[in-house]
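Chains, contacts and geometry: an overview
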Amino acid sequence: MESGEATRPRGRLYSGGPIRHEPSVVLGHDRPLKLASGVELGPFTVAFQTYGRLNDERSNVVLVCHALTGDQYLAGSHPVTGRPGWWDNTVGPGRPLDTDRFHVLCANVLGGCMGSTGPTEIDPATGKPYGMSFPLITVADMVDAQARLLDHLGIGQVLAVVGGSMGGMQVLDWARRYPERVFSAIPIACSARHTAQNIAFNEVGRRAIMTDPDWHDGNYLLYGTRPSQGLAVARMAAHITYLSDTALHRKFGRGLQDREHVTYGFEADFQVESYLRHQGQSFVERFDANSYLYITRAMDYFDIAAECGGSLQAAFVDTPVRYCLISFTSDWLFPTAESRDIVHALNANAANVSFVEIETDKGHDSFLLDVPEFNAILSGFLDGVARHRGLDGP
Amino acid sequence: MNDQPASNRESGRAIGQRVDLQLIARMIEPGARVLDVGCGDGALLRHLVEHRGVDGRGIEISQAGVNACVRNGLSVVQGDADTDLEDYPDHAFDYVVLSLTLQATHNPRLVLLELVRIGRRAIVSFPNFGYWRCRLQLALGGRMPVTDTLSNPWFATPNIHFCTISDFLELCREEGIAVERGVALRHDGAAVGFWPGRFLPNMFGEQGVFMLSRRG
């Protein structure tokens, strides 16, 4: 455990009221986090949530890494939105991440806006929000912050680390750089590097935010404004990439929104327009624009092979971790081929790896939705590793 | 995901009813590292992991087969014996198993060479096209054979490269693959001896099971 750390209440301003994201810990007083950029960050706060009981051996921890716009609130009611947590149908008693059996832990990523240190937090050096003076962070920095949290909690090795999309990137980084702390790894709908197309979509989102006059070079908190229009547009564009053509067509087709005929104007005539506007609007009520900039940038920089002399195979030499990669047939943001590249690299090391492609038309977001085959795979794999690890059955 | 496992392993069928799988299981010593290529729904792999304590992995071409395996906690990847074996390093496994799958591959010769490269030993089983019932159906009936191990009619079979036990042994000889053990299984599961030569096993074996290694 790190010395001199204390759990202290935190406050964040959202939707008009202060929300405490508890529990949270302040880490790195003695030993700042050395970021990939070279900057040293510390002290820093990590806010997290846990579900299910930690066993006496502390061997039943399942660490969940959340995606770009996710957070630590996996299940139950979200304190900001009041809606169920983003993995409410996956985490709970009798669910794939069975809280009767596992101690499920999820931390808000570094750079996030749900209580962990990010651009909206107060810089202790200036007493003002970091804004754009917050250092650039990477996926590896997020993982290092989580490793410090595990140190603090006295957890050596986790049974499994699991996550989708950017969460899957963290899973891969965990397995690569902390193989002894990860018994098994479940990277879902992700890739070993952000592709040009991925970066391109992120850049569209960032430009939408940074060209919003209310952004004020990132200092909107000082101006009492928020770049809500830009952030909403960023979300709308991104949200399209999380779905599939088939799913959009099935859901909306060319259906009109509360009207019989098109209006020959630019109102949201079509249901799909209304849906996207709603997605954008509800997103700005729970997410911070600068966090969006920083976290998308972290994804863009992610490239495991580049960190290993250009060879993905070299990244996983002698890996002792048990892997289960999962992709979805209709995911065009992180297509199956990306997962397959990782499988090839793991096979080249004769690693213990499972790889499943799930047939679904729900697109990249499939891992957030109720896809029975996906749940069955998660349950089966976790049950298998729990047995190998010597945990009793449910 | 409606496709069935392409290897001729019927879903849910226990290893207890498959004489060749029982034989293969007995050939593998406990605790070995095993790769089962074309592992179907994982019946052999599961048996090996649970009863022989092996470190087992599988490759299966059909998504339905892969999902069934992973749901049961087995380590299996979706992949193709024809294209994906080249990923693996030399001698990564003690045994590489290919049971009733060789005849469904596009390039059996290359697949065999990959098996003995990846594994210190390879165990290969295949339906024997020289089996007397096959010969009889073709010679006298004038029809493509349909037997218990070759259960599909010609137009629906995934099997594209049939061979006899003699053909197989000849290919091994040409490619410098050592045959360490060979068993021809009769329809009732009994073994046909290879003494004094190949004639009897090639005539009365419904399938052949061979343990191979790379010579030299």
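Residues numbered from 1 in each chain as written. Chains lettered and ligands numbered in written order. Predicted model: local features only at pLDDT ≥ 70, side-chain atom pairs only at ≥ 80, totals over all residues.

What about the overall build of chain B?
- If you tally the helices and strands in chain B, you get eight helices and eight strands.
- Taking 216 residues into account, the globule formula puts the C-alpha radius of gyration at 17 Å, and chain B, at 16 Å, falls close to it.
- Overall, the C-alpha framework of chain B stretches about 50 × 45 × 30 Å when taken along its three principal axes.
- Residues classed as buried in chain B amount to 50% of the 216 residues present.
- For chain B, contacts bridging at least 24 residues in sequence account for 65% of all contacts bridging at least 6. (Helix = DSSP H or I, 4+ residues; strand = E, 2+ residues; numbered from the N terminus. Rg over C-alpha atoms; globule rule 2.2 N^0.38 Å. Buried ≥ 20, exposed ≤ 12 C-beta atoms within 10 Å, placed from the backbone. Contact = placed C-beta atoms within 7 Å.)

Remarks on the overall build of chain A
- Helix and strand counts for chain A stand at 11 helices and 14 strands.
- In terms of overall dimensions, chain A is globule-like: its C-alpha atoms have a radius of gyration of 21 Å, near the 21 Å expected for 394 residues.
- Taking all 394 residues of chain A together, the buried fraction comes to 49%.
- For chain A, contacts bridging at least 24 residues in sequence account for 68% of all contacts bridging at least 6.

Topic: the interface of chain B and chain A
- In this assembly, 17 residues from chain B lie in contact with 22 residues from chain A.
- Among the elements of the structure, helix 3 (63-71) and strand 3 (75-78) of chain B are those that each provide at least two residues to the side of chain B that touches chain A.
- At five residues, helix 3 of chain B tops the list of elements feeding residues into the side of chain B that touches chain A.
- Classifying every residue of the side of chain B that touches chain A gives eight nonpolar, six polar and three charged. (Nonpolar A, V, L, I, M, F, W, Y, C, P; charged D, E, K, R; others polar.)

Observations concerning the domain arrangement of chain A
- Once the domains are mapped, chain A shows domain 1 (12-195 + 302-388) and domain 2 (198-296).
- At the junction of the two partners, domain 1 of chain A supplies 28 residues and domain 2 of chain A supplies 22 residues. (Domains from an automatic or database assignment.)

A closer look at the pairing of strand 4 (residues 93-99) of chain B
Residues and elements named next belong to chain B.
- Among the seven residues in strand 4, six count as buried, and that is most of the element.
- In the sheet, strand 1 (residues 33-37) pairs with strand 4 via four bridges, with the strands oriented parallel. The partner of valine 37 across the bridge, within strand 4, is leucine 98.
- Looking at chain direction, strand 4 and strand 5 (residues 119-127) are connected through six bridges and run parallel. Each residue of the ladder has a partner; that of serine 99, found in strand 5, is serine 125.
- In this fold, strand 4 hands off to helix 5 (residues 108-118), which returns the chain to strand 5; that crossover is right-handed. (Pairing = 2+ DSSP bridges. Right-handed = clockwise from strand over helix to strand, strands pointing away.)

Structural notes on the nonpolar core
- One finds Val62, Leu74, Val104, Ala160, Val161 and Ile326 of chain A together with Val96 of chain B to be the most contacted residues of the largest nonpolar core, which totals 165 residues.
- For this core, the domains that each give at least three residues are domain 1 (12-195 + 302-388) and domain 2 (198-296) of chain A.
- The residues touching valine 96 of chain B, leaving out its near neighbours within four places in the chain, are Leu35, Val37, Leu115, Ile118, Gly119 and Ala122 of chain B. (Core = buried A, V, L, I, M, F, W, Y, C linked by C-beta atoms within 7 Å.)

So, the pairing of strand 3 of chain B
All names here are of chain B.
- The alternating pattern of strand 3 places Ser75 and Val77 on one face and Val76 and Gln78 on the opposite face, and all of these are buried.
- The pairing of strand 2 (residues 55-60) with strand 3 spans four bridges and is parallel. Residue pairing in the sheet places isoleucine 59 in a bridge with valine 77 of strand 3.
- At this point the chain moves from strand 2, through helix 3, to the parallel strand 3, and the crossover so formed is right-handed.

Thoughts on helix 2 (residues 166-177) of chain A
Residues and elements named next belong to chain A.
- Relative to the 16 Å expected for 12 residues at 1.5 Å per residue, helix 2 spans 16 Å between its end C-alpha atoms, a close match to the ideal helical length.
- Where burial is concerned, most of helix 2 is hidden: 11 out of the 12 residues are buried.
- Residues Met166, Gly167, Gly168, Met169, Gln170, Val171, Leu172, Asp173, Trp174, Ala175 and Arg176 constitute the buried set of helix 2.
- On its buried face, helix 2 sits against strand 7 (61-65), helix 1 (139-153), strand 11 (160-164), strand 12 (184-188), helix 8 (289-301) and helix 9 (312-315). (Expected span 1.5 Å × (residues − 1).)

Overview of helix 2 (residues 43-51) of chain B
Residues and elements named next belong to chain B.
- Taking burial as the measure, the nine residues of helix 2 include seven buried ones, the bulk of the element.
- All of the buried residues along helix 2 are Ala43, Leu44, Leu45, Arg46, His47, Leu48 and Val49.
- Looking at the buried positions of helix 2, the neighbouring elements they touch are helix 1 (19-27), strand 1, strand 2, helix 3 and strand 4.
- Glycine 53 sits one or two residues past helix 2 and shows a positive phi near 60°.

So, the packing of helix 3 (residues 196-210) of chain A against helix 5 (residues 228-242) of chain A
Residue and element names in this part refer to chain A.
- Running from N to C, helix 3 and helix 5 cross one another at 165°; their axes reach a closest spacing of 7 Å. One way to sum up the angle between helix 3 and helix 5 is to call them roughly antiparallel. Pair helix 3 / helix 5 crosses with right-handed handedness. Contacts between helix 3 and helix 5 involve Phe201, Val204, Gly205, Ala208 and Ile209 on the former and, on the latter, Gly230, Leu231, Val233, Ala234, Ala237, Ala238 and Thr241.
- Of the residues contributing to the contact of helix 3 with helix 5, the split by class is nine nonpolar, three polar and no charged. (Axes fitted to C-alpha atoms, helices over the stretch in contact; angles between N-to-C directions. Parallel < 35°, antiparallel > 145°, perpendicular 65-115°, else oblique. Left-handed = near helix turned anticlockwise from the far one by under 90°.)

Brief notes about the confidence of the model for chain A
- Residues of chain A with pLDDT of at least 70 account for 95%, and the chain-wide mean is 94.
- The low-confidence segment residues 1-17 of chain A, where pLDDT is below 50, has 41 contacts with residues more than four positions distant or belonging to other chains. (pLDDT = per-residue confidence, 0-100.)

Details of the environment of leucine 102 of chain B
All names here are of chain B.
- Residue position: leucine 102 is located in the loop between strand 4 and helix 5.
- On a C-alpha basis, the gap between leucine 102 and alanine 81 in space is 8.9 Å, while along the polypeptide they are 21 residues apart.
- Those residues in contact with leucine 102, other than ones at most four positions away along the chain, are Pro108, Val111, Val124 and Phe126.

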